[in-house]
Amino acid sequence: MKHAAIIGVGSYLPNRRLTNEDLEGMVETSDEWITTRTGISERRLAEKDQATSDLATHAARNAMRDAGITPADIDLLVVGTSSPDMIFPSTACITQANLGLTCPAYDVMAACTSFIFALQNATAAIESGRARTVLVIGADALTRHVDFSDRGTCILFGDGAGAFVLQAADEPGVLGIDLGADGTGGDMLKIPAGGSAMPTTVETIEAGLHFVQMVGNDVFKFAVRVIPKTTETALAASGLSVDDVTWLVPHQANQRILDTVADRLGLPHERVVSNIALTGNTSAASIPLAVDELYTSGNLRPGDILALVGFGAGLTWGAAIVRWTKEV
Ligand code: UT7
């Protein structure tokens, strides 16, 4: 059996910045509250003419350049997103056309865990021999779905995209993956309107039902419970333990979640990657964005063990253990 290894990484953040000071002028909040409760100082917003596929396309081009491959080399494109350009066609198909690819392309939706689910699809395609080279992207523009008069949610989210190129290899890169879902927790975090259950009407818009709704405290408790568990399960499936982890790369949702999870896993905080201060919660993009930052800052060495861990609406969660095989 072939293994899947990461041969390219790329990311993209839009230029438009929204700082905590900007938010102070929009809702009743303060830089002090946002910083101490979330660790976020600023986030990026997609430009008015940028859709999720545009963010995905930029990140993918950077990852393809890093991998040194051309569009013809790619056998499969998987995009993880919960803020697609439109209901259909998929964001993956739009991105495929932007990139000039001719391979199959599809979206995977597991909210903020979408990238880990997409990575599982990409890995399985390579391990089964159905694909040799797979482009996997996490991209979201959730600020398009946030109510900028709701201080409980509008301070959290930012837009962005990150991408990996995976290729068949003799030595394993992706070692083990654990995925989970619990649909009974769906009400904790959702966008109620705009789908088949509640199509968009004047009434749903007037009631603000097309915006993100979140029970923040419950999501927080879910996150700090599930992240250590799924990390340990994926490590065990890889024949490793927490002591082997060089870098824990959790979904960037709240600095207090990252700190609590580090303590529960017994990991020194400096081994937990955090870039939330400047990105906010970029949903499916946050994990590949953080990996790209680690990589481009020269902090990854061949042999390093990465634990990539996501959680989000659904409820969904998942962890992927990766041995870094790429030279810096
Ligand atoms: O991708 C996964 C998605 N989401 C998450 O992971 C989110 C997880 N949850 C969280 O990060 C936190 O629950 C939040 C940051 C959303 C909220 O922080 P918290 O410490 O749980 O605050 P809280 O909701 O318990 O609210 C405490 C107080 C409330 O006021 P009262 O009732 O005590 O008077 C809120 O109204 O803080 C108030 N508050 C704010 N104050 C200033 C809530 N949001 C704000 C705000 N600025 N932006």
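Residues numbered from 1 in each chain as written. Predicted model: local features only at pLDDT ≥ 70, side-chain atom pairs only at ≥ 80, totals over all residues. Heavy atoms only, no water.

**Focus: helix 9 (residues 255-265)**
Right, so step 1: Of all the residues in helix 9, the buried ones are Ile257, Leu258, Val261, Ala262 and Leu265. Around the axis of helix 9, the buried residues are gathered within 135 degrees of arc, so they sit on the same side. Exposed residues on helix 9 whose side chains face more than 90 degrees from its buried face are Asp263 and Arg264.
Right, so step 2: Against helix 8 (216-237), strand 11 (247-250) and strand 12 (305-312) lie the buried residues of helix 9.
Right, so step 3: Its side-chain oxygen 2.7 Å from the backbone nitrogen of Arg256, Asn254 forms the N-cap of helix 9.
Right, so step 4: Positive backbone phi, approximately 70 degrees, marks Gly266, located one or two places after helix 9. (Buried < 20%, exposed > 50% of the residue type's maximum accessible area, 1.4 Å probe, protein only. Helix = DSSP H or I, 4+ residues; strand = E, 2+ residues; numbered from the N terminus. Arc of directions from axis to C-beta. Contact = heavy atoms within 4.5 Å. Polar contact = N/O pair within 3.5 Å; in protein donor to acceptor, adjacent residues only side chain to side chain.)

**A closer look at the side chain of Thr38**
Right, so step 1: By the secondary structure assignment, Thr38 is in helix 2 (residues 31-38).
Right, so step 2: Setting aside residues up to four positions removed in sequence, Thr38 forms contacts with Trp33, Ile155, Leu156, Asn254, Gln255 and Ile276.

**Quick notes on the domain arrangement of the protein chain**
Right, so step 1: Split by domain assignment, the protein chain resolves into domain 1 (3-172) and domain 2 (176-323).
Right, so step 2: Here domain 1 and domain 2 have C-alpha centroids that lie 14 Å from each other.
Right, so step 3: The interface is formed by 51 residues belonging to domain 1 together with 43 residues belonging to domain 2.
Right, so step 4: At the boundary of domain 1 and domain 2, one finds zero salt bridges.
Right, so step 5: Connecting domain 1 to domain 2 are 16 residue pairs in polar contact (both at pLDDT 80 or more).
Right, so step 6: Contributing elements (two or more residues each) for the side of domain 1 that touches domain 2: strand 1 (3-12), helix 2, strand 3 (42-45), helix 5 (114-127), strand 6 (133-140), helix 6 (151-154) and strand 7 (160-169).
Right, so step 7: With seven residues, helix 5 is the largest single contributor of residues to the side of domain 1 that touches domain 2.
Right, so step 8: Of the residues contributing to the side of domain 1 that touches domain 2, the split by class is 22 nonpolar, 20 polar and nine charged. (Domains from an automatic or database assignment. Salt bridge = Lys/Arg side-chain N within 4 Å of Asp/Glu carboxyl O. Nonpolar A, V, L, I, M, F, W, Y, C, P; charged D, E, K, R; others polar.)

**A few points about the site of the ligand**
Right, so step 1: Around the ligand, 23 residues are found, and the nearest of them are Thr29, Arg37, Asn217, Asn254 and Asn281.
Right, so step 2: Within the side chain of Arg256, a nitrogen or oxygen atom sits 2.9 Å from an oxygen atom of the ligand.
Right, so step 3: The side chain of Asn281 places a nitrogen or oxygen atom 2.8 Å from an oxygen atom of the ligand.
Right, so step 4: Calculation on the ligand without its partners gives an accessible area of 950 Å², and the protein chains cover 73% of this total.
Right, so step 5: Those elements giving two or more residues to the shell around the ligand turn out to be helix 2, helix 6, helix 8 and helix 9.
Right, so step 6: Its residues placed into classes, the shell around the ligand shows eleven nonpolar, eight polar and four charged.
Right, so step 7: Both of domain 1 (3-172) and domain 2 (176-323) provide at least three residues apiece to the shell around the ligand. (Near = heavy atom within 4 Å. Areas by Shrake-Rupley, 256 points an atom, 1.4 Å probe, with all protein chains shown as cover.)

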